[in-house]
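# Chain and residue survey
Each chain, written out:
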Amino acid sequence: MKGIREIAITDMPEVSIGNVQSDEAKTGVTVLLFDKKGAVVGVDISGGGPASRETPLTSPVTADNPINAIVLSGGSAYGLAAADGVMRCLEDHGIGFETGYARVPLVCQSCIYDLGYGSATVRPDSAMGYAACEKALAGGNPSCGSVGAGTGATVGKICGMERAMKSGLGMYAVELGELRMAAVVAVNALGDIFDPATGKKIAGLRTADGTSFADSCEELWKMGRRENLFTGNTTIGAVFTNGKFNKAQMNKIASMTRNAYARCINPVGTMADGDSIYAASAGDVEADLNVVFRERRSQKTRGISHESIRSAKIRCIALRDAWNGVNSNTDGISCGLKTQRTVDNLP
């Protein structure tokens, strides 16, 4: 779209991003902390097995109170404990909804299942959530790759971890005049990852000998009536903007953003996934929902939402030829920052 330019995610002062992880246990937490006004938040949950907390706060039929933070983490449902630490940290800093007796921070969270990659017994907890929130309060430490919620992320797992590939956390931000929008995505899909501009597969299920890609959809068809496809999946993320929208509009934006998931992941949103997308408004810039966020097929008229999620996914996955042993020598991953960080392939 003419006039859109890529910016650093740190150019969005309304949001500060804190990452903390255990490199030994291969799991972590990413906190998206909004300024003291909070944010209007919607959510779209398209996967069949989500692990989430306080998502009813995003419903248009609940009280219109601003959300203070969104937490993305590993640990499956165990990782929901991280939000306790985020709440304690915000309370300690006087941030939250004033009830008359105490300030109650409003924190939403979604988790990926990463217990099959690192340690199955060490998960994000309250202390890790507190530490990630402190990072965000101190100005943030946004980064891409095997950091934060993406530390234990993998893709292409329909045949088990031995044929999967390493993925991670991706970030991307754009600007159109005064309007800014960004995406943060932890890609941990059952399916394969594609570049929607070319249709080329860029990460996912490998053949048994590890020398090339296999097709996750073909493997799914072969399984026929197999009922339990659970192998530890979920793609979670958030798009956020300084545009001014209400809660109903943010829920619509979240559901529209799902189209970008579908263009990048196949299969996607299965009963073995917990795919969830938050959409947050943290500013006062007047903007039209359909003009800014609607997904468009023409390269010249692509909406910011589609471009943000598409680019975040492309940038955070293991890169081309990784299965041939390139590993830590793979290309750096552009993630809407001034620096780059490499995501290594599975050993």
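Overview of the structure.

Analysis parameters
All chains use their own residue numbering, which begins from 1 and follows the written sequence. At least 70 in pLDDT is required for a residue's local features to be given in this predicted model, at least 80 for side-chain atom pairs to be given and counted, and no such filter applies to totals for whole chains, interfaces and linings, which use all residues. Here the side-chain values reflect all heavy atoms present in the structure, with hydrogen atoms and water set aside. Working definition of a nonpolar core: buried Ala, Val, Leu, Ile, Met, Phe, Trp, Tyr and Cys residues. They are joined through side-chain atoms within 4.5 Å. Burial status follows relative accessibility: with a 1.4 Å probe on protein chains alone, a residue under 20% of its type maximum counts as buried, one over 50% as exposed, and anything between as partly exposed. Whether two residues touch is decided by their heavy atoms; if any such pair falls within 4.5 Å, the residues are in contact. One requirement defines pairing of two strands: DSSP has to find at least two bridges between them. A run of DSSP states H or I qualifies as a helix once it reaches four residues; a run of E qualifies as a strand once it reaches two. Both are numbered from the N-terminal end. To obtain each axis, a line is fitted to C-alpha atoms, and for helices this fit is confined to the stretch in contact; angles are then taken between N-to-C directions over 0 to 180 degrees. One less than the residue count of a helix, multiplied by 1.5 Å, gives the span that helix is expected to have. Any N or O atom pair separated by 3.5 Å or less is treated as a polar contact, with the protein-specific requirement of one donor-capable and one acceptor-capable atom, and with residues adjacent in sequence counted only for side-chain atom pairs. One speaks of a salt bridge when a side-chain nitrogen belonging to Lys or Arg is within 4 Å of a carboxyl oxygen belonging to Asp or Glu. Note on terminology: angles under 35 degrees are roughly parallel, angles over 145 are roughly antiparallel, angles of 65 to 115 are roughly perpendicular, and the others are oblique. Should the near helix be turned counterclockwise from the far one by less than a right angle, the crossing is left-handed, whereas a clockwise turn marks it as right-handed.

## Quick word on the nonpolar core
Counting residues in hydrophobic clusters, the biggest one holds 32 residues, and the most contacted among them are Ile 9, Ile 17, Leu 32, Phe 34, Ile 70, Val 184 and Phe 240. The residues touching Phe 240, leaving out its near neighbours within four places in the chain, are Ile 9, Met 12, Val 15, Ile 17, Leu 32, Phe 34, Arg 180, Met 181, Ala 182, Val 184 and Ala 280. In this structure, Val 29, Leu 33, Val 71 and Leu 90 belong to the second largest nonpolar core, which totals 18 residues.

## Focus on the sheet that holds strand β13 (residues 179-186)
The strand order across the open sheet built from 6 strands is β1-β12-β13-β16-β18-β4, with neighbouring strands paired in mixed fashion. The open sheet terminates on both sides in strands that have one partner only, identified here as β1 (4-7) and β4 (40-45). Strand-to-strand, the axes of this sheet are offset by a mean angle of 20 degrees, without reference to chain direction. As judged from the 4 bridges shared by β1 and strand β12 (residues 169-176), these two strands associate in the antiparallel manner. Each bridged residue has a counterpart across the sheet, and for Ile 4 the counterpart in β12 is Leu 176.

## Comments concerning helix α4 (residues 247-264)
For α4, with 18 residues, the first-to-last C-alpha span of 26 Å sits near the 26 Å given by 1.5 Å per residue. Taken together, the buried positions of α4 are occupied by Lys 247, Met 250, Asn 251, Ile 253, Ala 254, Met 256, Thr 257, Ala 260, Tyr 261 and Cys 264. The N-cap of α4, judged by a side-chain oxygen 3.2 Å from the amide nitrogen of Ala 248 a few residues on, is Asn 246.

## Some words on the pattern of salt bridges
The tally for this structure, following the rule as stated, stands at 6 salt bridges. Linking Arg 5 and Glu 175 is a salt bridge whose minimum nitrogen-to-oxygen distance equals 2.8 Å. A residue pair is termed long-range when its members are at least 10 positions apart, and Arg 5 in strand β1 and Glu 175 in strand β12 qualify at 170 residues. We classify Arg 5 as partly exposed; its relative accessible area is 47%. On the basis of relative accessibility, which here comes to 16%, the residue Glu 175 falls in the buried class. Here Lys 201 and Asp 192 are joined by a salt bridge, their closest N and O atoms 3.2 Å apart. With a relative accessible area of 15%, Lys 201 lands in the buried category.

## Quick word on the packing of helix α1 (residues 82-92) against helix α2 (residues 126-137)
For the pair α1 and α2, interaxial distance at closest approach is 6 Å and the crossing angle is 45 degrees. On the basis of their axis angle, the class for α1 and α2 is oblique. Every pair of crossing elements has a handedness; the one defined by α1 and α2 is right-handed. Seen from α1, the contacting residues are Ala 82, Asp 84, Gly 85, Val 86, Arg 88, Cys 89, Leu 90 and Asp 92; seen from α2, they are Ser 126, Gly 129, Tyr 130, Cys 133, Glu 134 and Leu 137.

## Quick word on the sheet that holds strand β15 (residues 200-203)
Taken in spatial order, the 3 strands of this open sheet run β15-β14-β17, and their pairing is antiparallel. Each edge of the open sheet carries a strand with a single partner, namely β15 and β17 (265-266). Here 2 bridges tie strand β14 (residues 192-195) to β17, and the two strands are oriented antiparallel to one another. Bridge assignment links Ile 193 to a residue of β17, and that residue is Ile 265.

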